[in-house]
Amino acid sequence: MSGEKLKTMLPVGKRGFLAVILVVALVGAGVLSGVLGAPRVSGIDNEFGDVTNEQTEIRTALVVDNPNPFGVRVGNTSVNYSVEMNDVAMASGERSNLALDRGNTTLAFSTRMQNEKIPEWWVTHIRNDEQTTLRIQSKVRSSLVGRSVRVPYSQEIETDIISQFNSTKTRPVNANAPFVSDPVLYVNETSANWGSVTRTETPIRMQMRVYNPKSLPYTISEIGYEMTMNGIAAGNGTTERSYTIPSKSEKTLKMRTVIRNQQLDEWWVSHLENDQATDLKITFYANIELPSGDTVRVPLRQLTYEKRIETQIFENDSAEGALEDANITTSPGTTTESAGEGTTGDTTSSSDETTPSGTTSGGTTPDGTTSSETTSLTEADDGTTTTDDGGLLGSLLAADAFVRR
């Protein structure tokens, strides 16, 4: 039957429907023959953006490779994004109405984390021996085919805050007072470890082994401390009891310093503004009752504890630098939101939707090394992810592009 005869037999609407079917069939054949392929995620880049007292912006760029010789315009294609630190939901967001050009396209968007979540995360960090697993799930979905693929990202964050306080170095303590022969004490050893952290405070148990070089006993009626993090007051306090140190003898003094967790959101802002660096400082003083009966306040400068804490969150991503050329301004159809207090919403991920463990799409493995693997934007009905260059999603994406041209 000739084409002209077929055209006269079919109404205009049916002819258009037949054309779409033919296009889908042709595109499907192209995918099966390897000519056409499905877009895939080839890299990811994250960094911190603007920081205020209340919120922290997280900027993300997904580099998507479209191997087809034409752009893809798909209705309601979206990216959902969530951030967790030790399973504490920190932020989530979404960007919709996306389009892909030929070759690489950078999909950039931002989410905002509520700084009030920092104390909750901090508790898990200390309880986990100062280790945090940062997890980011970027879920790319097309409503056209009702399927999605998750692009997981994992990074380990470690700190070592108080170990430097452990020392066996002998340090003299001078009163610098009239008619007092220095040194009045020697500190022969110091040690510290974390106490039982709660939602409101993080205690540090400290011990000092001191020696009295004098021929008469000393009584230390009080030892006090002040703690700052980047100059922000994080805690202060004093010992709850006095200690008497016999002549020519040693004594172990115990005290409990406390980080007040409600100050940590303010500290977090300073940490990011200081290129992810924190200067922790603890200063001590002692009130010593001398044999003469006088009490002197002695700054324990030799015990001043200083520690620089540095983190490298989001460094060495697989597409490092992609955000520099991307526009992350919130566009129409884009929404950003933060995880609410005590809720996770859609920030939790389902195990049957993730890529195989041991790799993170975009080329980053959980240990921070780089992998050359990419993730195809196709996912089977049973939730398993495929990494071929074709499939149903590739066919429909390409068909939609042809129909819209």
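Structure: above.
Each value, and the rule that gives it
Residues numbered from 1 in each chain as written. Predicted model: local features only at pLDDT ≥ 70, side-chain atom pairs only at ≥ 80, totals over all residues. Heavy atoms only, no water. Pairing = 2+ DSSP bridges. Helix = DSSP H or I, 4+ residues; strand = E, 2+ residues; numbered from the N terminus. Axes fitted to C-alpha atoms, helices over the stretch in contact; angles between N-to-C directions. Phe/Tyr/Trp six-rings, centres within 6.5 Å; stacked < 30°, edge-to-face > 60°. Buried < 20%, exposed > 50% of the residue type's maximum accessible area, 1.4 Å probe, protein only. Lys NZ or Arg CZ within 6 Å of the ring centre and 35° of its normal.

S.K.: Any details on the sheet that holds strand S16 (residues 249-260)? Residues and values, ideally.
M.R.: With antiparallel pairing, four strands are arranged side by side in an open sheet as S10-S11-S12-S16. One side of each edge strand has no neighbouring strand; the edge strands of this open sheet are strand S10 (171-173) and S16. Looking at each pair of strands side by side, their axes are set apart by 35° on average, direction ignored. Alignment of strand S12 (residues 201-212) against S16, held across twelve bridges, turns out to be antiparallel. In the strand pairing of S16, Thr202 is matched with Ile259.

S.K.: Give me the packing of aromatic side chains: which residues, what numbers.
M.R.: This model, assessed by the stated rule, comprises ten aromatic pairs. Here Phe165 and Phe284 contribute two aromatic rings whose centre-to-centre distance is 6.1 Å and whose plane-to-plane angle is 40°, an arrangement assigned as tilted. Here Phe165 is found in the loop between strand S9 (147-158) and S10, whereas its partner Phe284 is found in strand S17 (residues 277-289), with 119 residues between them in sequence. For Phe165, a relative accessible area of 4% translates into the label buried. The class of Phe284 is buried, set by a relative accessible area of 4%. Taken together, the ring pairs connect Phe48, Trp121, Trp122, Tyr153, Trp267, Trp268 and Phe314 into an aromatic cluster. Over the ring of Tyr243 we find Arg241; its NZ or CZ atom is 4.1 Å from the centre of that ring.

Keep in mind these numbers describe shape, not what the thing actually does.
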